[in-house]
Amino acid sequence: MNEQAPRARATITDELINRQTAGQTILQTINLIPGVNFTNNDAYGSSGGNITMRGFDGNRVSLTFDGIPLNDTGNYAIYSNQMLDPELISRANVNMGATESDSPTASATGGTINYVTYVPSIDPGLLVQPSVGTDNYMRLFGRVDSGEIGPLGTRFYLAGSQQIYDQFMGPGEMKKWQINARAYQPIGSNGDFISLSMHYNENRNHFYRNFNLATFNSGNWLVNDATCDLRSAGSGFEPTAGTVQNENGRCSNYYNIRINPSNTGNIRGQSRFSLGESVTLTVDPSFQFVRANGGGTEAVFENDIRLRGASASAGVDLNGDGDVLDRVMLYSPSNTNTYRYGVLSSVIWDINANHRLRVGYTWDEGQHQQTGEYSRLDQYGNPDSVFGGRSGFGTGINTAEGLLFQKRNRNSVASLSQFNAEYRGDFLDDAPHGDRRRARPGIHPRAGSDVLFFQGQHVLHAILHHGDGNAFARVAGLRPLWRFDHRLRADLPG
Ligand SMILES: [Ca+2]
Ligand SMILES: [Ca+2]
């Protein structure tokens, strides 16, 4: 494809994407590009992995979906298992090196990846794609395209997928379902449009058990435990009044508490308007939602100070045997809820065929709730909800003071406000170089491209106590950045 930037870029299209394994993460497909390394945790791509670009880890790579940022607003992490169904990706652009002027990210030193959603087709259509494979892999994807309907030629599609497979080692499975929809309204015939898209994805995954190289070489690979007998009759840990039961260390490798549940979704608006012959306006608002945790357990003393609080109580009977002498395994997920709002906007002025001015504004605000609501495990080690005692999900535990028992509860805000301007000029393209070439043998500049780039960023991170709303940590900064790129191409006389 014709790329203007004087940096290494690559684009892969649906022709290649659609030849990969059904349901595969787009990052595995991008792995084919030199300079990009993605290590997939399993062959089917729904259990996560690690990406690096030019040696930078994933937290230094900007990942965007129709331009909206997918890196975690808190730590910039990339979650490769939560990507859009590949049947709905029309292309992915990979840009090595520093950020583009309009990339809405504070972190992209390694490079940027943007993938772009399929546009609803002009003709009505139905696509159904069933897949089966080893490890009991099953996936079904379907998409319905409306084609052009109504007097305005509106188009939309609805798509859904469901995938399930077993881990390739040990007990546990990867379950995922996803729905997507997009409505697209062309305006006139010059490429102007407005579009509204939605995406929702649920993953219910077990973690693979990791081990080191020495263990790998020994051939005695560790896997998660398929069963747990936490406190059944005859286990030796049956809850008994008046005696101490200590569950510390029991069942910590049980597969059903080594989990990574996530619910993620977004709504994306996109638009393009021509303002006269040579000026184009784009405005892309978005909203994203995340609810996720990484599982986990903790052995809690029934007389833990956090359970007693300021009360005169001796503790809380967690295993229900009538005493407060025990140490009981609880499910202790670190829940994160994120609400993220953003707008990307730009005005492009094509002054003439060789000169372009672009100004843009980006706003991106992530509001995070980080909580840790404990819940009980049944006698075989299973939690009643993957989100623990979170309100609306599982059954929480009350402290002696009647408060919800949780290991953390805080709100934080990360916001980015960014203005950018870019001037791009091509010089000498129209120069009558043919005559000069004859007159002066040697290497001659034939075409050049100059880019003047400015970016001003205001980044704010604030951590707020839950409840009282007071900030105890606040980091803010204004980060102006400018760059001038000049490229000179030369042709040998021929
Ligand atoms: Ca007891
Ligand atoms: Ca007890």
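Draft legend 1. Spatial organisation of the overall build of the protein chain. Counting its regular elements, the protein chain contains 5 helices and 23 strands. Burial statistics for the protein chain: of 494 residues in total, 35% are counted as buried. Across the protein chain, contacts joining residues at least 24 apart in sequence account for 64% of those joining residues at least 6 apart.

Draft legend 2. Local environment of the environment of asparagine 354. Examined against the element boundaries, asparagine 354 turns out to sit in the loop between strand E18 (335–352) and strand E19 (355–373). Residues asparagine 354 and glycine 425, spaced 71 residues apart in sequence, show a C-alpha to C-alpha distance of 5.6 Å.

Draft legend 3. Structural context of the sheet that holds strand E17 (residues 327–331). The strand order E16-E17-E20 describes an open sheet built from 3 strands, whose pairing is antiparallel. Looking at which strands have only one partner, the edges of the open sheet turn out to be strand E16 (297–301) and strand E20 (375–376). Relative to E20, E17 runs antiparallel, the two being bridged by 2 bridges. For tyrosine 331, the partnering residue across the bridge sits in E20 and is serine 375.

Draft legend 4. Representation of the nonpolar core in the model. Core analysis: the largest hydrophobic core is formed by 27 residues, its most contacted members being Ile26, Ile30, Ile89, Ala92, Ile113 and Tyr115. Sorting the residues of this core by element identifies helix H2 (26–30), strand E2 (36–40), strand E3 (49–53), strand E5 (61–65), strand E7 (89–96), strand E8 (111–117) and strand E11 (155–166) as the ones contributing at least two each. With residues near it in sequence (within four places) discarded, isoleucine 30 still touches Ile12, Val36, Phe38, Ala92, Val94 and Ile113. Of all hydrophobic cores here, the second largest spans 22 residues; its members include Leu230, Ile257, Met329 and Tyr331.

Draft legend 5. The arrangement of the environment of arginine 9 in detail. Relative to the elements of secondary structure, arginine 9 occurs in strand E1 (residues 9–13). Linking arginine 9 and isoleucine 113, residues 104 residues apart in sequence, is a C-alpha distance of 9.9 Å.

Draft legend 6. Layout of the environment of isoleucine 194. Turning to its location among the elements, isoleucine 194 is positioned in strand E13 (residues 192–205). Judged by the 15 C-beta atoms lying within 10 Å of it, isoleucine 194 is partly exposed.

Draft legend 7. Highlighting the pairing of E5. The buried fraction of E5 amounts to 5 of the 5 residues, a majority that puts the element mostly inside the structure. Pairing of E5 with E8, which is carried by 5 bridges, proceeds in the parallel orientation. In the sheet register, serine 62 faces E8, and the bridge partner there is threonine 112. Strand direction decides the pairing type here: E5 and strand E6 (residues 68–69), joined by 2 bridges, are antiparallel. Each residue of the ladder has a partner; that of threonine 64, found in E6, is proline 69.

Draft legend 8. Expanded view of the sheet that holds E3. Spatial strand order, E2-E3-E4: 3 strands in an open sheet with antiparallel pairing. A single partner strand is all that each edge strand has here, and the edge strands are E2 and strand E4 (56–57). As defined by bridge partners, E2 adjoins E3 across 5 bridges and the pair is classed as antiparallel. Bridged to phenylalanine 38 within E3 is isoleucine 51.

Draft legend 9. How the structure looks around unusual backbone geometry. Positive phi is not limited to glycine here, since aspartate 66 has a value of about 55°. Residue placement: aspartate 66 occurs in the loop between E5 and E6. Residue aspartate 66 is classed as buried on the basis of its C-beta count, with 20 C-beta atoms lying within 10 Å. Backbone geometry places asparagine 136, a non-glycine residue, at a positive phi of 55°. Summarising the element assignment, asparagine 136 is placed in the loop between strand E9 (125–133) and strand E10 (137–145). With 10 C-beta atoms packed within 10 Å, asparagine 136 lands in the exposed category.

Thresholds applied
All residue numbers refer to position in the chain's written sequence, counted from 1. Labels are handed out in written order, letters beginning with A for the chains and numbers beginning with 1 for the ligands. Per-residue local features are limited, in this predicted model, to residues with pLDDT of at least 70; the limit for side-chain atom pairs, both in listing and counting, is 80 or more; totals at the level of whole chains, interfaces and linings are taken over all residues. Secondary structure elements are defined from DSSP: runs of H or I of at least 4 residues count as helices, runs of E of at least 2 residues count as strands, and each element is numbered from the N terminus. Around each residue's C-beta, the other C-beta atoms within 10 Å are counted; 20 or more make the residue buried, 12 or fewer make it exposed, and counts in between make it partly exposed. All C-beta atoms are placed from the backbone. In this description, a residue-residue contact is defined by the distance between C-beta atoms placed from the backbone, which must lie within 7 Å. Pairing between two strands requires that DSSP report at least two bridges joining them. Working definition: the nonpolar core is a set of buried Ala, Val, Leu, Ile, Met, Phe, Trp, Tyr and Cys residues, joined through C-beta atoms within 7 Å.

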